[in-house]
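Given next are the chains, with one letter for each unit.
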Amino acid sequence: MNDFDAVIIGSGAGGGAVAWRLAMAGKRVLVLEKGPWFTEADYFKDELACCRRSVYTPDLRDERHVIEERDGDGWEATSTTESGWDFWNGNVVGGSSNFMSGFFHRLKPVDFRLRSEFGPIPGANVVDWPIAYEDLEPYFTEVERVVGVSGRVVAHPFLEPRSTPDFPYPPTAEHPLSAWIDTACDKLGYRSLPLPRAILSQPKGQRRACEYSGYCGSYGCSSGAKGSSRAALLDDAVATGRCEVRPHSQVFRLLSDVKGRVKAVEYFDQAGKKQRVSGKVFVVACQAIETSRLLLASTGPRYPNGLGNRHGQVGRNLIFSAGGVSHGRLVFDELGEQRASEARVVGPFLNRTLHDWYVIDDPELGRIKGGVLDFLMGHPNVVSRALSERRDDDGNLVWGSAFKRSLETAIRGERRIDCEAFADWLPTDNGLVALDRKVKDKWGRAVARVRLAPHPHDLKVGVYLAERGARVLRELGAKDVKVGVSDSPPPNLVAGGCRFGRDPRTSVLDPDCRMHGVDNLFVADASFMPTGGSVPYTWTIYANALRVADKIAAQV
Amino acid sequence: MSSDATVAEIPPSPPLEKGGAKPGGLGEWHQALLSRRTFLLASAGGLAALFAPVGTLAATANPWPVLAAVQNHLFPSELGSPGAREIKALSYLQGVMGDLRGDRDEQRFLLKGVDWLEDLSRQRHQISFIDLDPIRREQVLREVANSRPGENWLSTLLLYICEALLTDPVYGGNPDGIGWAWLGHQPGFPRPTRALQRIVGCGDEGTASNTAMRFASSPHPTSGVDGA
């Protein structure tokens, strides 16, 4: 006897969207989330909680990752407790979607067929997707309505085909600097576009419209305007009476039978006691690294090397987001009174993006896949800004009056403006997740060992994009503009590990994101993506999870 | 000894949209790691006086006046701008060092640093750091900063001064937003009404009942998906 029609592991954008769809379709759903359940009332603009202590992510002493990086011919492994380089992102109900900035871009048709469009790249495992943009378009559109995407459609050469003329919500309030960006782009011959946001500009159901505190990305949302999986989907799913969310439930194994069918999941509850729950269908959506880790740890009679891992594909082709950040200083004293007062405004969003180089056609680089640029004000966490003044340009500590003067200059006298470049992180043979042989988490389970193998091509594209972002920053009057591009992965933009495809020897999931050979197991986070596109992942995760949920609903 | 401390020298960077990335590429990161390992070695007590060649190391009976003196030197009170005293940096630091969920290695390291500083001060000037004049205090602290553990110690103290200066008054520093007012910083709203220890703490006790309640009576009546 099955307790639930569907047991969903993880409550972020993937798990939340599946739970919402199935509950609305009359199915009985259980969502297991390892973290606590916070609501709008629990989220404050708290500098320590958001950015300086592990409040929404595990204490690294309890749960860590081991990161491998190239060291000569070998690999050097470092535990994240040792490095402080944290790979957790929002282990709470709603997952890391609680803390996103909600820069929402659709993928474009070209992202579904990189291999056909641009040919192979040596050292990279670029493949076409087994579905096309047209398969996902209705779901991108549905997300605009259900999660709530605000924006304004402007025609441009890279505009993706749309089945509706415009966004269901008008753009959020704009910062005075948005006009500076437009003017600068006009001069440079670039096309400045409104940036869609998963942020409500008008109330929706119980969710309030954005209140423009100026503290959005990396802070939990207190108004409900941010389209987190929790605020936008899970609250409504729970309200049907058919969806239960169990926080503090750390799933450590999926149990499968001799045929390879999943029968149950086991998890540790808040007291550390083992629990087991069964269902008809199981959905894994723990964010890419932990999804692969859970599947690898879930050995069974048919799958001695991990569930769905007959061909050694689970954990392979892990990807992040390539690119970088260009940034410059807006020095109030040098801007003049009017412009300085505009630059000081806190609250509204810059909401500008450039898509001119989604495909780069350059005499030197040839025709290659590019990406997008997004503009935003420097991160508002003022403690971090102060800390960066602790050292002078030579790296020596500064204290006393000198330190105080530099704080006055840096915090009172200026503001940072950023331009982020998003590009494809090419999948490579060595970019992968495995189980660590020695290091365990606090429950005694092997932690994920992540091998980072960035492809040099990513840097070329990142620099190309970020340099153009820097030109805009210089043109609008920013000082000391720097182009920051590295091959370090942003841990909050992670995908792959269980790529979908038609061939079970080279992919983990079928085109419906059902595991090859395991017909009651689906993966609904970003793990399915064989290539990542050059935009943040959340909208694609939502859209694909709704598509996957339709396949599940047809099966249970 | 646990080697699992959160690193002092590499505070968790704010998770920007792309901000989880390491700041400066591999070289810088491994440099920081090296510093981290030295730091742990130091706090393990494996080496005696790491700020300078050894004198006779004795535990300082009351470390707080020394820490207060160091804080006041690092972040002096001035006409028109608050110093360590005004931002309650010492009581903030006491909160950090008494935090049961905090980093035990770091807490020990901060205390041990007081002994090392006192040792160095007595070697150089035969008196406690507290009794030095500002010029000698500066000389001694510059010498401290020349050793890697000493640099790490001062950098950690500056870290908690910055937190006392700019985090919400609910955490014990920045009384009445004195630090924000000085630097013209506008905090976000809603501001925290309780320290995060309480928020974290609810994960231990409060949430079980909270969970049951939320499942039984959902916060939202069934709302249409079209909304607005």
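First things first, this report covers the structure right here in the doc.

About the criteria used
- In this numbering scheme, every chain counts its residues from 1 along its sequence in written order.
- As a convention, the first chain written is A and the first ligand written is 1, with the rest following in written order.
- A pLDDT threshold of at least 70 governs which residues receive local features in this predicted model, and a stricter bar of 80 or more applies before side-chain atom pairs are shown or counted, although totals over entire chains, interfaces and linings include all residues.
- The side-chain figures draw on all heavy atoms in the structure; neither hydrogens nor water molecules are used.
- Strands are runs of DSSP state E lasting at least two residues, helices are runs of H or I lasting at least four, and both sets are numbered from the N terminus onward.
- Throughout this description, buried means an accessible area under 20% of the type-specific maximum (1.4 Å probe, protein chains only), exposed means over 50%, and partly exposed covers the range between.
- By definition in these notes, contact holds between two residues if any of their heavy atoms fall within 4.5 Å.
- By this definition, two strands are paired if DSSP reports at least two bridges between them.
- Fitting a line to C-alpha atoms yields each axis, with helices limited to the stretch in contact; the angle taken between N-to-C directions then spans 0 to 180 degrees.
- The salt bridge criterion pairs a side-chain nitrogen of Lys or Arg with a carboxyl oxygen of Asp or Glu, the two atoms within 4 Å.
- Classification of ring pairs rests on two measures: the distance between centres of Phe, Tyr or Trp rings, Trp counted by its six-membered ring, which must be within 6.5 Å, and the angle between planes, read as stacked under 30 degrees, edge-to-face over 60 and tilted in between.
- Remark: a charge is flagged as sitting over a ring if the NZ atom of Lys or the CZ atom of Arg is within 6 Å of the ring centre and within 35 degrees of the ring normal.
- Take the buried Ala, Val, Leu, Ile, Met, Phe, Trp, Tyr and Cys residues and link them wherever side-chain atoms come within 4.5 Å; each set so joined is a nonpolar core.
- Small angles under 35 degrees read as roughly parallel and large ones over 145 as roughly antiparallel, with 65 to 115 read as roughly perpendicular and the rest as oblique.
- A crossing counts as left-handed when the near helix is turned anticlockwise from the far one by less than a right angle, and as right-handed when that turn is clockwise.
- Under the scheme applied here, ten amino acids are nonpolar (Ala, Val, Leu, Ile, Met, Phe, Trp, Tyr, Cys and Pro), four are charged (Asp, Glu, Lys and Arg), and all others, including Gly, are polar.
- Arc, as used here, means the arc of the directions from the helix axis to the C-beta atoms.

Quick word on the overall build of chain B
Helices and strands together make up the secondary structure of chain B, namely nine helices and zero strands. Element order for chain B, N to C, with α for helix and β for strand: α-α-α-α-α-α-α-α-α. Burial statistics for chain B: of 228 residues in total, 50% are counted as buried. Sequence separation of 24 or more characterises 66% of the internal contacts of chain B that already satisfy a separation of 6 or more.

Quick word on the sheet that holds strand β19 (residues 479-485) of chain A
All names here are of chain A. Reading across from one edge, β5-β12-β15-β16-β11-β19 is the order of the six strands in this open sheet, with antiparallel pairing throughout. Lying at the two open borders of the sheet, with one neighbouring strand each, are β5 (192-194) and β19. The sheet shows a mean angle of 25 degrees between the axes of neighbouring strands, direction not considered. Where strand β11 (residues 321-331) lies against β19, five bridges are found, and the strand directions are antiparallel. Bridge assignment links H327 to a residue of β19, and that residue is K482. Along the sheet face, helix α13 (residues 456-475) touches β11, β12 (352-354), β15 (371-377), β16 (414-424) and β19 and points at about 165 degrees away from the line of β19.

Comments concerning the pattern of salt bridges
Residues and elements named next belong to chain A. Under the definition given, this model contains 50 salt bridges over all chains. In this structure, the salt-bridge partner of D356 is R191, at a minimum N-O distance of 2.8 Å. Residue D356 is located in the loop between β12 and β13 (359-362), and its partner R191 is located in the loop between α6 (177-188) and β5; the two are separated by 165 residues in the primary sequence. Taking the relative accessible area as the measure of exposure, D356 reaches 16% and is therefore buried. Between R405 and E408 there is a salt bridge, and its shortest N-O distance comes to 2.8 Å. Here R405 pairs with E408, and both are found in helix α12 (residues 400-412), just three residues apart, close to one helical turn. With a relative accessible area of 16%, E408 lands in the buried category.

Topic: the packing of aromatic side chains
All names here are of chain A. Enumeration according to the criterion identifies 27 aromatic pairs over all chains in this entry. For the pair W85 and F87, a centre-to-centre distance of 4.9 Å together with 70 degrees between the ring planes defines the contact as edge-to-face. A single burial state applies to W85 and to F87, both of which are buried. Here a set of aromatic residues connected by ring pairs shows up, and it is made of F104, F112, W129, Y133, F140, F167, F500, F528, W539 and Y542. In this structure, R197 is placed above the aromatic ring of F349, and the distance from its NZ or CZ to the ring centre is 4.4 Å.

Re unusual backbone geometry
Residue P190 of chain B is bonded to the preceding F189 of chain B through a cis peptide linkage, with omega at 0 degrees. Mapped onto the fold, P190 of chain B is located in the loop between α7 (178-183) and α8 (196-201). Positive phi outside glycine occurs at Y212 of chain A, with the angle close to 55 degrees. In this structure, Y212 of chain A sits in the loop between β5 and α7 (229-239).

Description of the nonpolar core
In terms of nonpolar packing, the biggest core is built from 143 residues, with L254, L295, L330 and L521 of chain A touching the most fellow members. No other element matches the nine residues that helix α14 (residues 538-553) of chain A contributes to this core. Those residues within four positions of L521 of chain A in sequence are excluded, and the remaining contacts are L254, V262, F282, V284, L295, L307, C513, R514 and M515 of chain A. In this structure, L407 of chain A together with F75, L157 and I161 of chain B belong to the second largest nonpolar core, which totals 53 residues.

Some words on the packing of helix α4 (residues 104-125) of chain B against helix α5 (residues 134-145) of chain B
When two helices pack together, their arrangement is captured by the angle between the axes and the distance separating the axes. Residue and element names in this part refer to chain B. At a minimum axis distance of 10 Å, the contact between α4 and α5 shows a crossing angle of 120 degrees. Classified by the angle between their axes, α4 and α5 sit oblique to one another. The handedness of the crossing between α4 and α5 comes out as right-handed. Residues L117, L120, R124 and H125 of α4 pack against R136, Q139, V140, L141, E143 and V144 of α5. Here the residues of the contact of α4 with α5 sort into five nonpolar, two polar and three charged.

Describing the pairing of strand β8 (residues 262-268) of chain A
All names here are of chain A. Judged by how many residues are buried, β8 sits mostly within the fold: six of seven residues are covered. Here strand β7 (residues 250-256) pairs with β8 via six bridges, running antiparallel. Residue pairing for β8: L255 is matched across the bridge by A264. A loop of five residues connects β7 with β8, the two strands running antiparallel in sequence, and G260 in this loop sits at a positive phi of about 90 degrees. Where β8 meets strand β9 (residues 274-284), five bridges bridge the pair, whose relative direction is antiparallel. Across the sheet, A264 pairs through a bridge with S278, a residue of β9.

Some details on helix α10 (residues 337-344) of chain A
All names here are of chain A. Residues of α10 that are buried include every one of A340, E342 and A343, and no others. With its buried residues spanning 160 degrees around the axis, α10 presents them on a single face. Away from the buried face of α10 by more than 90 degrees, exposed residues E337 and Q338 are located. Residues of α10 that are buried in the fold lie against α6, β11, α9 (332-335), β15 and β16.

With respect to the pairing of β13 of chain A
All names here are of chain A. Inspection of the sheet shows β13 paired to strand β14 (residues 366-369) by four bridges, in the antiparallel sense. Residue pairing across strands places V359 opposite K369, the latter belonging to β14. Between β13 and β14, which pair antiparallel in sequence order, lie three residues.

Focus on the environment of A195 of chain B
Residue and element names in this part refer to chain B. Examined against the element boundaries, A195 turns out to sit in the loop between α7 and α8. Overall, the relative accessible area of 18% leaves A195 in the buried class. Setting aside residues no more than four positions away along its own chain, A195 makes contact with V170 and Y171.

A word on the environment of G95 of chain B
Residue and element names in this part refer to chain B. Checked against the element boundaries, G95 lands in helix α3 (residues 89-97). Residue classification places G95 among the partly exposed positions, given a relative accessible area of 41%. The spatial distance from the C-alpha of G95 to the C-alpha of G172 is 8.0 Å, given a sequence separation of 77 residues.

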